[in-house]
Amino acid sequence: MASSEPGTRPEIDWPALTAEAADAMRHAYVPYSNYPVGAAALVDDGRIITGCNVENASYGLTLCAECTLVGQLRLGGGGRITAFVCVDASGSVLMPCGRCRQLLYEFRAPGMLLATVSGVRTMDEVLPDAFGPQNLEN
């Protein structure tokens, strides 16, 4: 998935990462919206983690794919996300909503990349002037 040459930016295999997101999407639980979403991310230790959306009858308690992905990140030992992609049922790339961008920001590696509807962007481009853990340090 990524090269490990010291001092270079790893090459991201976006088609493979997108395929992982599409596979995760097939596990979504969406009986109310019928709108499955899958997400996949490359972690700084080389792992690929995935997530899917999980709906609930109360709608407001629905978990986005990004939420379950971050849960997998924490359950798998942590780390930082270096690349992320999210797709719908047709495999089209989706832009994470503002809430999910904030969640991804919390667990990003420096220079984290996202596949977006307008191409690959950095987290700083899709959430400029973000509030994060650095703002809570005394």
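Residues numbered from 1 in each chain as written. Predicted model: local features only at pLDDT ≥ 70, side-chain atom pairs only at ≥ 80, totals over all residues. Heavy atoms only, no water.

Q: What is the right way to read unusual backbone geometry from this model?
A: Trans is the prevailing form of peptide bonds, just as negative phi is the prevailing case for residues other than glycine. Backbone geometry at Asn34 places phi at a positive 55°, although glycine is not the residue there. Following the sequence through the fold, Asn34 ends up in the loop between helix 1 (14–25) and strand 1 (38–43). On the basis of relative accessibility, which here comes to 59%, the residue Asn34 falls in the exposed class. (Helix = DSSP H or I, 4+ residues; strand = E, 2+ residues; numbered from the N terminus. Buried < 20%, exposed > 50% of the residue type's maximum accessible area, 1.4 Å probe, protein only.)

Q: Honestly, a nonpolar patch on the surface in this entry has me stumped. Any pointers?
A: A contiguous nonpolar patch, built from Tyr29, Tyr32, Val54, Tyr59 and Leu63 and spanning about 490 Å² of accessible area, is present on the exposed surface. Of the residues examined, Tyr32 reaches a relative accessible area of 37% and is grouped as partly exposed. (Patch = residues over 30% accessible without salt bridge, like charges linked within 9 Å, V, L, I, M, F, W, Y side chains within 5 Å. Areas by Shrake-Rupley, 256 points an atom, 1.4 Å probe, with all protein chains shown as cover. Salt bridge = Lys/Arg side-chain N within 4 Å of Asp/Glu carboxyl O.)

Q: Help me understand the pattern of salt bridges, please; the structure alone is not making it clear to me.
A: Side chains carrying opposite charge are able to pair once their charged atoms draw close together. Applying the stated criterion across every chain, the model contains 1 salt bridge. Here Asp45 makes a salt bridge to Arg47, at a shortest N to O gap of 2.8 Å.

Q: Explanation requested: the nonpolar core in the structure shown.
A: Across soluble globular proteins, nonpolar side chains show a tendency to be buried alongside one another. If you look at the biggest cluster of nonpolar residues, it comprises 22 residues, and the most contacted ones within it are Leu69, Ile81, Phe84, Leu104, Met112, Leu114 and Met123. Of all elements in the fold, only strand 1, helix 2 (65–75), strand 3 (81–87), helix 3 (98–106), strand 4 (108–116) and helix 4 (123–126) reach the threshold of two or more residues within this core. At 4 residues, helix 2 tops the list of elements feeding residues into this core. Within the second largest apolar cluster, 12 residues are counted, among which are Ile12, Trp14, Ala22 and Leu113. (Core = buried A, V, L, I, M, F, W, Y, C linked by side-chain atoms within 4.5 Å.)

Q: Just to check I follow, could you spell out the sheet that holds strand 1 for this structure?
A: Whether parallel or antiparallel, the strands of a sheet pair through hydrogen bonds between backbone atoms. The sheet built from 5 strands is open, its strands ordered 2-1-3-4-5 with mixed pairing. Lying at the two open borders of the sheet, with one neighbouring strand each, are strand 2 (48–52) and strand 5 (119–122). If you compare each strand with its neighbour and ignore which way they point, the axes differ by 20° on average. Strand contacts of helix 1: strand 1, strand 2, strand 3, strand 4 and strand 5, with the helix running at about 55° to strand 3, the strand carrying the most contacts. The strands touched by helix 2 within the sheet are strand 1, strand 2 and strand 3, with strand 2 carrying the most contacts at an inclination of about 140°. (Pairing = 2+ DSSP bridges. Axes fitted to C-alpha atoms, helices over the stretch in contact; angles between N-to-C directions. Contact = heavy atoms within 4.5 Å.)

Q: Would you mind going over helix 2 with me for this structure?
A: Of the positions making up helix 2, those classed as buried are Ala65, Glu66, Cys67, Thr68, Leu69, Val70 and Leu73. Packed against the buried residues of helix 2 are strand 1, strand 2, strand 3 and helix 3. At the C-terminal side of helix 2, Gly77 shows a positive phi close to 110°.

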